[in-house]
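Examination of the molecular architecture
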Amino acid sequence: MELKFILESLLFSAQKPLSTKELREVLTNAAEAEDAEADAKAFAKVKDNDVTAALEQLASEHETAARSYRLACVAGAWQFVSQPEFAPWLRALVGIKARPPRLSQPALETLAIIAYRQPITRAEVEQIRGVNVDGVMQTLMERALVEAVGRAEVIGRPQTYGTTPLFLGYFGLRGLEDLPAADELRRIPVEKPPAPVTVEPGLATTPPEQLNLSEEEKTPKPEGQEAKQD
């Protein structure tokens, strides 16, 4: 029994896309069942790399066979999908599902900036686009294409944003590495605000009243001693 055919049977029967980890877990569970057969036990300790290699081989074979469907990896999960040219007949069979409205041009431009420059702050996105993006960002987050991923190490620690797994599924991408080349967008300079001033790394920020004081002025004087006046 070849691993690739076992995986093929699982993907044909699955009700949703399956990741490499999920497929490996199925193989492990089948091997550990009380009534497990010898064929199932043989794949008890299969590795993720072996599963991925078998899936890649299976995808290549289906592509070469030029069938009406193919094996695709979208957002890290594998599934069989029909070829686009068969859409008219599939629509007649299953109907047309209601889909969210298409993204506007400003939304697509903002989404592209985030995708290529993430993690990125809202202010940095506005620097690149040259316009306010509050409304567009709200739309992208409501559509779950963009999410907050952390905070920037600058004054005020503004939130940074990145794309979501749904973004990959929306555009049919396996991962961010499959994004088309956009060197010009990556090279656009963005001015970052200065990082918080600290006395020592890991300590609280220096009190504002001490930022411009000399070392002599920062040293506390003994009680009762006052600076002499000329």
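Treat the numbers as computed from the prediction; the structure is a model and nothing was measured.

Moving on to the confidence of the model for the protein chain. Mean pLDDT over the protein chain works out to 82, with 77% of the residues at or above the 70 mark. In this model, residues 202-211 is a region of pLDDT below 50 whose contacts with residues beyond four sequence positions or in other chains number twelve contacts. Every residue in residues 213-218 scores below 50 in pLDDT, and together they form two contacts with partners more than four places removed in sequence or on other chains.

Moving on to the sheet that holds strand β5 (residues 146-151). Taken together, three strands build an open sheet; the order of strands is β4-β6-β5 and the sheet is antiparallel. Looking at strand neighbours, the two that pair on one side only are β4 (120-121) and β5, the edges of this open sheet. Note: β4 against strand β6 (residues 159-163), two bridges, orientation antiparallel. The residue bridging I120 from the neighbouring strand is Y161, located in β6. Strands in contact with helix α8 (residues 134-142) are β5 and β6; relative to β5, the strand with the most contacts, it is inclined by about 105 degrees.

Consecutive side chains along a regular strand alternate between the two faces of the sheet. For strand β1 (residues 18-19) and strand β3 (residues 77-82), the ladder comprises two bridges, and the chain directions are antiparallel. For L18, the partnering residue across the bridge sits in β3 and is W78. Pairing between strand β2 (residues 69-74) and β3: six bridges, direction antiparallel. Within β3, the residue paired with V74 across the bridge is A77. Here β2 hands over to β3 after two residues, with A75 in that stretch at a positive phi of 55 degrees.

This next bit is on the sheet that holds β3. The strands that make up a sheet pair up through hydrogen bonds in the backbone, lying either parallel or antiparallel. Judged by pairing direction, the sheet is antiparallel, and its three strands sit side by side in the order β1-β3-β2 without closing on themselves. Since the sheet does not close on itself, it has two edges, and those belong to β1 and β2, each with one partner. This element, helix α4 (residues 48-65), spans β2 and β3 of the sheet and lies at about 145 degrees to β2.

The rules behind each value
Residues numbered from 1 in each chain as written. Predicted model: local features only at pLDDT ≥ 70, side-chain atom pairs only at ≥ 80, totals over all residues. Heavy atoms only, no water. pLDDT = per-residue confidence, 0-100. Contact = heavy atoms within 4.5 Å. Pairing = 2+ DSSP bridges. Helix = DSSP H or I, 4+ residues; strand = E, 2+ residues; numbered from the N terminus. Axes fitted to C-alpha atoms, helices over the stretch in contact; angles between N-to-C directions.

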